Amino acid sequence: MDNFTTKENIKNILEIAVNAPSGENSQPWRFEVEGNKIHIFNIPGRSHSLYIFEQKGTLIAHGALIENILITAPVFGYNATIVLLPDDTNYNFVATISLDEALSNKQEDEPLYPYIVKRATNRKSYRRTPLKKEQLEDLEHTANEIGEKGIVLIQDPKRMKDVAIAGSVYEQVMFSNRSIHNFFFEHISWTKKEEAKKKIGLYIKTLELPPFTHIVLKLLRHWAVMSLLNKLGAAKIIAKVNAAKYATASAMAVFTVKDNSLRDFIVAGRLMQRLWLKITKMGLSAQPIAGTLFFMHAITEGEADTF
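Residues numbered from 1 in each chain as written. Predicted model: local features only at pLDDT ≥ 70, side-chain atom pairs only at ≥ 80, totals over all residues. Heavy atoms only, no water.

Asks: An account of the packing of helix H5 (residues 157–176) against helix H6 (residues 178–186) is needed here, citing residue identities and associated values.
Replies: One can describe the packing of H5 onto H6 by two numbers: an axis separation of 5 Å at closest approach and a directional angle of 100°. Relative to H6, the element H5 is oriented roughly perpendicular. Listed contacts from H6 to Tyr 170, Val 173, Met 174, Phe 175 and Ser 176 of H5 are Arg 178, Ile 180, His 181, Phe 184 and Phe 185. In the contact of H5 with H6, the residues fall into seven nonpolar, two polar and one charged. (Axes fitted to C-alpha atoms, helices over the stretch in contact; angles between N-to-C directions. Helix = DSSP H or I, 4+ residues; strand = E, 2+ residues; numbered from the N terminus. Parallel < 35°, antiparallel > 145°, perpendicular 65-115°, else oblique. Contact = heavy atoms within 4.5 Å. Nonpolar A, V, L, I, M, F, W, Y, C, P; charged D, E, K, R; others polar.)

Here's what the structure looks like:
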């Protein structure tokens, strides 16, 4: 392979691949290119999120990034092979991806590739329209496509309601706990100018809230106000409203890991991204909910002081 061409192609592949989801848009990755190899490193200090215990949240983001690279490489004419966590002494060395001999024909019809840049969150209420049989079969087949397991699809309204209530515990904790409340509001950008300056966190409009809610949030960012309203049950009410919104979906996808290993969280990120791209390709929308899981993970590992 021509080294200059390979270098340019790798640059193009990575520019597309970084359109991967990451907590508060932290983009916690660094690349080193060695010939036809892409070495991917985690940047631990990139995110100080309370939701990212032992960097496992960032590894989910890395998994999504890796899946994007593996999808994109054939479009540029390469076979990609991956080695996860190649250095036992450096857990921030996430993966090495090798771009092998150029394929005879570029796979420009790679079905998920066009949706990498189109994938987005959708925090609006959903329409509970049953998924078609072929859609369900396609989604259920996702884990097999990368030789893994770990996706459970839920459609039963009662089970979905239970999962939605569990997921909304995050909001109740967030608005009841001073440390977590303050952390959340420190990472909100209220204007485009502020977002451009921070380059990390959540732009208020991406929360897709009604205009009047922006005014309410500006009041709630003051802990004294939030603490007073909590005496009237505000945090529980917010959680209940969000649980009802979550339960309006056509289906829920639960990603499971085997034993909480670093590798498992990278794989979970790959699964999440691949499923999300398929959902986007189908013309549907999705919204990840992970706060409760990461809070519980921290607590079970003995980091309960914050809570």
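Asks: I'd like a rundown of the side chain of Glu 110, residues and numbers included.
Replies: For Glu 110, the location among the structural elements is in the loop between strand S4 (93–102) and helix H3 (133–140). At 3.1 Å, the side chain of Glu 110 and the backbone nitrogen of Leu 112 are in polar contact. Setting aside chain neighbours within four positions, we find Glu 110 in contact with Ile 71 and Val 75. (Polar contact = N/O pair within 3.5 Å; in protein donor to acceptor, adjacent residues only side chain to side chain.)

Asks: Before we move on, can you summarise the pattern of salt bridges with the specific residues and values?
Replies: Enumeration according to the criterion identifies nine salt bridges in this entry. Lys 278 serves as the salt-bridge partner of Asp 138, at 2.9 Å between the closest nitrogen and oxygen. One end of the pair, Asp 138, is in helix H3; the other, Lys 278, is in helix H11 (residues 262–281), with 140 residues separating them in the sequence. Asp 138 gets classed as partly exposed once you look at its relative accessible area, which sits at 31%. (Salt bridge = Lys/Arg side-chain N within 4 Å of Asp/Glu carboxyl O. Buried < 20%, exposed > 50% of the residue type's maximum accessible area, 1.4 Å probe, protein only.)

Asks: Describe in detail H3, supporting the description with residues and values.
Replies: Along H3, the residues classified as buried are Gln 135, Leu 136 and Leu 139. Taken around the axis of H3, the buried residues stretch over an arc of 95°, which confines them to a single face. Where H3 is buried, its residues contact helix H4 (142–145), strand S5 (151–154) and H11. (Arc of directions from axis to C-beta.)

Asks: How would you sum up the packing of aromatic side chains? Please name residues and give values.
Replies: Per the stated rule, a full pass over the model turns up five aromatic pairs. Both rings, one in Phe 184 and one in Phe 185, keep their centres 5.1 Å apart while their planes meet at 80°; by these two values the pair is edge-to-face. The class for Phe 185 is buried, based on a relative accessible area of 8%. The rings of Phe 175, Phe 184 and Phe 185 are connected pair by pair, giving a single aromatic cluster. When the ring centre of Phe 41 is taken as origin, the NZ or CZ atom of Arg 30, which lies over that ring, is 4.4 Å away. Seen from the ring of Trp 190, Arg 221 lies directly overhead, with NZ or CZ sitting 5.3 Å from the centre. (Phe/Tyr/Trp six-rings, centres within 6.5 Å; stacked < 30°, edge-to-face > 60°. Lys NZ or Arg CZ within 6 Å of the ring centre and 35° of its normal.)

Asks: Hey, could you go over the pairing of strand S1 (residues 29–34) for me, with residue numbers and the actual values?
Replies: Here six bridges tie S1 to strand S2 (residues 37–42), and the two strands are oriented antiparallel to one another. For Glu 32, the partnering residue across the bridge sits in S2 and is His 39. Turn length for the S1-S2 hairpin, with the two strands adjacent in sequence and antiparallel, is two residues, and the turn residue Gly 35 shows positive phi of about 65°. (Pairing = 2+ DSSP bridges.)

Asks: Got a sec to walk through the confidence of the model for the protein chain? Specific residues and values, please.
Replies: The predicted model of the protein chain averages 89 in pLDDT, with 94% of residues at 70 or higher. When pLDDT is averaged over each helix and strand of the protein chain, the minimum, 80, is found for strand S7 (residues 202–203) and the maximum, 97, for S2. (pLDDT = per-residue confidence, 0-100.)

Asks: Before we move on, could you go through the nonpolar core and cite the residues and values that matter?
Replies: One finds Ile 40, Ile 66, Ile 69 and Leu 99 to be the most contacted residues of the largest nonpolar core, which totals 46 residues. Only helix H1 (3–17), S2, helix H2 (56–72), S4, H3 and H11 provide two or more residues apiece to this core. Apart from the residues lying within four places of it in its own chain, the contact partners of Ile 69 are Ile 13, Leu 14, Ala 17, Ile 38, Ile 40 and Ile 97. (Core = buried A, V, L, I, M, F, W, Y, C linked by side-chain atoms within 4.5 Å.)

Asks: Just give me the short version of unusual backbone geometry, but keep the residues and values in it.
Replies: The phi dihedral of Gln 27 is positive, around 45°, even though this residue is not glycine. Relative to the elements of secondary structure, Gln 27 occurs in the loop between H1 and S1. Here Gln 27 falls in the partly exposed class, since its relative accessible area comes to 29%. The phi dihedral of Asn 260 falls on the positive side, at around 65°, and the residue is not glycine. With respect to the helices and strands, Asn 260 occurs in the loop between strand S8 (252–255) and H11.

Asks: How would you sum up the environment of Ile 165? Please name residues and give values.
Replies: Assignment of secondary structure puts Ile 165 in helix H5. Judged by its relative accessible area of 43%, Ile 165 is partly exposed. Sequence separation between Ile 165 and Ile 40 is 125 residues; the distance between their C-alpha atoms is 36 Å.

Asks: Describe the environment of Leu 202, and please don't skip the residues or the numbers.
Replies: With respect to the secondary-structure elements, Leu 202 resides in strand S7. Taking the C-alpha atoms as reference points, Leu 202 and Gly 23, separated by 179 residues in sequence, lie 9.2 Å from one another. Among residues more than four places away in sequence, those in contact with Leu 202 are Arg 123, Phe 184, His 187, Ile 188, Ser 189 and Leu 207.

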